[in-house]
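Here is how the chains run, residue by residue.
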Amino acid sequence: MFLIRIFCCLSLLTSFINQPLHAKEATEPTPDIRIAIGDIPGFDTLIVEAAAARAAERDVNISISYLQSEDLATQAIINGLADVGIGTPYALIHNTRAPLRLFYQLNSLRFFPVVDTQHYNDWKDLDGVPMYTHGEGSGTEAIMMLMARKHDIQYSAMHYVPGSGVRAKAMIKGRIHATIVDTERRNQLLNHSSGKFKTLPTPTISASDEALYGHLDFLHTQHAKISILVEELIQVSRIINRDPHSVVELRDKYNILHQSTDNKESALIQMYEELVSVNAIPNNGGYPTASAADLKFFTASGTLNGNLEQLKETDFWEFSPLTNALETIGIQ
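Residue positions within a chain follow its written sequence, with the count starting from 1. Local features are withheld for residues below a pLDDT of 70 in this predicted model, meaning they are given only at 70 or higher, and side-chain atom pairs are given and counted only at 80 or more; totals for whole chains, interfaces and linings count all residues. Side-chain metrics rest on all non-hydrogen atoms present in the structure, leaving aside hydrogens and water.

### Describing the pairing of strand 1 (residues 33–37)
Residues in a regular strand project their side chains so that they alternate between the two faces of the sheet. Quick note on the threshold: Three labels apply to residues, based on accessible area from a 1.4 Å probe with only protein chains included: buried if under 20% of the type maximum, exposed if over 50%, partly exposed otherwise in between. What counts as a helix is a DSSP run of H or I of at least four residues, what counts as a strand is a run of E of at least two, and both are numbered from the N terminus. When the strands point away from the viewer and the connection leading from the first strand across the helix to the second strand turns clockwise, the crossover is called right-handed. Strands pair, by our definition, only if DSSP identifies at least two bridges between them.
The element strand 1 is extensively covered by neighbouring structure, given that 4 of its 5 residues are classed as buried. With helix 2 (residues 46–56) bridging strand 1 and the parallel strand 2 (residues 62–66), this β-α-β connection has right-handed handedness. Relative to strand 3 (residues 84–87), strand 1 is paired through 2 bridges, and the arrangement is parallel. Residue Ile35 lies in a different strand from strand 3, and its bridge partner there is Val84.

Below, the structure written as C-alpha cells:
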C-alpha cells in the first residue's frame, strides 16, 4: 500500500509538471529550467513570469507549472521532476537535510491577518479557534505562530489551505472566519461590500515572503543558466521599483497572466504601488541581508528549532547565483 501511494504521488507530480499552465507548441525546445509554483497564477507571480520571458530572449528556455500545493512543488524538485520552486522551505531543509537551497529573495513578507468582525475583533479573540495558513513551514504559518506567541494565545488547530485566493473566497463565503492573505486578497476583503472584514496589526517583518530555491545539484551544474534567470529577476524588479505602473506594460509586452489580470489593472497597479512603497521588492535579490533576516524570523516564530547562533546560512542558501548576477549587472 505504501508503494502504491508513492507511485500515485509521483504520477500526479509527473502529470502536473508535464502540463505547464501555458500549452507549449511541439516545436518549442525542451526547457532549460523547470519552475514549479505551488499556487494559482496571480498578481504575485508577474515578476517571475516576466523574468522567464526575458530569459528566453537570451536563449534560456523556462517552463512554469502551477501545482496544487507548495508540498507538491517541493516534492517535484526533490524527485527530479522540476528544478526550481518558489517558497521558503526552511523547516524542510532543517528537519530532513533535503538537498535544497534558496538562492533569490523575490519579495519580503507582506501578509495580513484578516478576521470576520462578526466573529472576532482582536488577537485575544483568536485564542482557542482554528487558523488557516498556506502550508506547513510557510511564511504565513510563521507569522501566525509568531503573533500567537506575542499575544499569549493558542489556536485550536492549524489548517493548511494553499492559495490566498482560496482562503479569501472561504472568508467571503463564511466557511472560515480568520486567516492570513497576501496584499491582493487583503484589498479584496477590505473592499468587500459586506464591510465585515478587518486586518489585525502585525510588526514590520523583513524576512522572505517568497524566495526561489532549487536542488543543489542543479544549481551547481546549471549555474550559468540560473545566473541569467537571476539577472532577469533583478532587472524586472528594478523596473517595477522605478515605476509600479510598468507591471501592465510588462504583462502586455510579454503576453503573460492575462487570464488572471485582464480588467484588473487598477488592482494590479495598486498592489505593486504598495509593495514598492514599503520596499518589499528587493533591488538586489535579498543581497546581503535576506538569509540572516530569514533565520532570525523563522527561529523566533518556532519554525526552526534550536539556537539562532548554531544555524549556518550556507545550510539554507546557495549564494553564488545571486553574487554572480550582481557582479554582472551591479548592485543598487
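Still to come is the rest of the account.
### Let's talk about the packing of helix 5 (residues 139–151) against helix 13 (residues 290–300)
How we decide: The axes used here are C-alpha line fits, helices contributing only the stretch in contact, and every angle between their N-to-C directions lies in the interval 0 to 180 degrees. By definition in this entry, angles of less than 35 degrees are roughly parallel, angles greater than 145 are roughly antiparallel, angles of 65 to 115 are roughly perpendicular, and the rest are oblique. Contacts are assigned to residue pairs with any non-hydrogen atoms lying within 4.5 Å of each other. Amino acids outside the nonpolar list (Ala, Val, Leu, Ile, Met, Phe, Trp, Tyr, Cys, Pro) and the charged list (Asp, Glu, Lys, Arg) are all regarded as polar, and Gly is one of them.
Viewed as axis vectors pointing N to C, helix 5 and helix 13 meet at an angle of 55°, and their least axial separation amounts to 8 Å. In terms of axis orientation, helix 5 runs oblique to helix 13. Seen from helix 5, the contacting residues are Gly139, Ala142, Ile143, Leu146 and Arg149; seen from helix 13, they are Phe297, Phe298, Thr299 and Ala300. Residues that form the contact of helix 5 with helix 13 fall into these classes: 6 nonpolar, 2 polar and 1 charged.

### Description of the environment of Arg97
Mapped onto the fold, Arg97 is located in the loop between helix 4 (90–96) and strand 4 (100–108). Assessed through its relative accessible area of 68%, Arg97 is described here as exposed. Note: C-alpha distance between Arg97 and Phe218 (121 residues apart in sequence) is 16 Å.

### Quick look at the packing of aromatic side chains
Just so we agree on the cut-off: Between rings of Phe, Tyr and Trp, where Trp is taken as its six-membered ring, a pair exists when centres lie within 6.5 Å; planes separated by under 30 degrees are stacked, by over 60 edge-to-face, and by other angles tilted. A ring is considered to have a charge above it if a Lys NZ or an Arg CZ atom is located within 6 Å of its centre and within 35 degrees of its normal.
Applying the stated criterion across every chain, the model contains 4 aromatic pairs. An angle of 65° between the planes, with centres 5.0 Å apart, marks the rings of Phe297 and Phe298 as edge-to-face. For the pair Phe297 and Phe298, one class covers both residues: buried. The rings of Tyr90, Phe297, Phe298 and Phe316 are connected pair by pair, giving a single aromatic cluster. The lysine or arginine in question, Arg186, covers the ring of Phe112, its NZ or CZ lying 4.2 Å from the ring centre.

### Brief notes about the nonpolar core
Just so we agree on the cut-off: Take the buried Ala, Val, Leu, Ile, Met, Phe, Trp, Tyr and Cys residues and link them wherever side-chain atoms come within 4.5 Å; each set so joined is a nonpolar core.
Counting residues in hydrophobic clusters, the biggest one holds 49 residues, and the most contacted among them are Ile35, Ile240 and Tyr272. Sequence-distant contacts of Ile35, defined by excluding residues within four places in its chain, comprise Val48, Ile62, Ser63, Ile64, Ser65, Val84, Ile86 and Leu229. The next biggest cluster of nonpolar side chains, apart from the first, holds 45 residues, and it includes Ala36, Ile93, Leu126 and Ile153.

### Looking at the confidence of the model for the protein
Worth spelling out the cut-off: A score from 0 to 100, pLDDT tells how confident the predictor is in each residue.
With 92% of its residues at a pLDDT of 70 or more, the protein has an overall mean of 90. Note on residues 1–19: pLDDT under 50 across the span, and 20 contacts to partners over four residues away in sequence or across chains. Predicted confidence is poor over residues 21–26, with pLDDT under 50, and the contacts of this stretch with residues over four places away or in other chains come to 6 contacts.

### Quick notes on the side chain of Arg238
To keep it simple, the criterion reads: Think of it this way: Lys and Arg go in the positive column, Asp and Glu in the negative one, and His and the chain ends go nowhere. Each reported salt bridge corresponds to a side-chain nitrogen of Lys or Arg within 4 Å of a carboxyl oxygen of Asp or Glu. Under the rule applied, a polar contact is a pair of N or O atoms within 3.5 Å (in protein, one hydrogen donor and one hydrogen acceptor; residues adjacent in sequence only if both atoms are side-chain atoms).
Along the chain, Arg238 falls in helix 9 (residues 223–242). Glu231 provides the closest opposite charge to the buried, unpaired Arg238, separated from it by 9.8 Å. A polar contact is formed between the side chain of Arg238 and the backbone oxygen of Asn283, at a distance of 2.9 Å. In contact with Arg238, not counting residues within four places along its chain, are Asn283, Asn284, Leu326, Ile329, Gly330, Ile331 and Gln332.

### Here we look at the pairing of strand 5 (residues 112–116)
Burial analysis of strand 5 places 5 of its 5 residues in the buried class, the great majority of the element. Residues Phe112, Val114 and Asp116 point to one face of strand 5 and Pro113 and Val115 to the other, with burial holding for every one of them. When strand 5 meets strand 8 (residues 178–181), the two strands line up antiparallel, connected through 4 bridges. The residue bridging Pro113 from the neighbouring strand is Ile180, located in strand 8. Across 3 bridges, the pairing between strand 5 and strand 9 (residues 197–199) is antiparallel. Paired with Asp116 across the two strands is Phe197, which belongs to strand 9.

### Overview of the sheet that holds strand 5
Either a parallel or an antiparallel arrangement is found when strands of a sheet pair, and the pairing is made through backbone hydrogen bonds. Ordered in space as 8-5-9, the 3 strands form an open sheet in which the pairing is antiparallel. What marks the edges here is a single partner per strand, and that holds for strand 8 and strand 9. Averaged over all pairs of adjacent strands, the angle between their axes in this sheet comes to 30°, without regard to strand direction. Strands strand 5, strand 8 and strand 9 of the sheet are contacted by helix 6 (residues 164–172), whose axis makes an angle of about 145° with strand 8.

### What about the sheet that holds strand 3?
One open sheet holds the 5 strands; their spatial order is 2-1-3-10-4, and the pairing between them is mixed. The sheet is open, and its two borders are formed by strand 2 and strand 4, each paired with just one other strand. Strand-to-strand, the axes of this sheet are offset by a mean angle of 25°, without reference to chain direction.

### Notes on the pattern of salt bridges
Here the structure, examined in full by the defined rule, presents 13 salt bridges. Taking the shortest distance from any N to any O, the salt bridge between Glu232 and Arg54 comes out at 2.6 Å. With Glu232 in helix 9 and Arg54 in helix 2, this pair connects stretches of sequence that are 178 residues apart. Each member of the pair, Glu232 together with Arg54, is buried. Across the salt bridge formed by Arg186 and Glu274, the nearest N and O atoms sit 2.5 Å from each other. Within this pair, whereas Arg186 is found in helix 7 (residues 183–190), its partner Glu274 is found in helix 12 (residues 265–277), the two being separated by 88 residues in sequence. Across the pair, Glu274 and Arg186 agree in class, each one buried. Through salt bridges that share partners, Arg54, Arg58, Glu231 and Glu232 make up one connected network.

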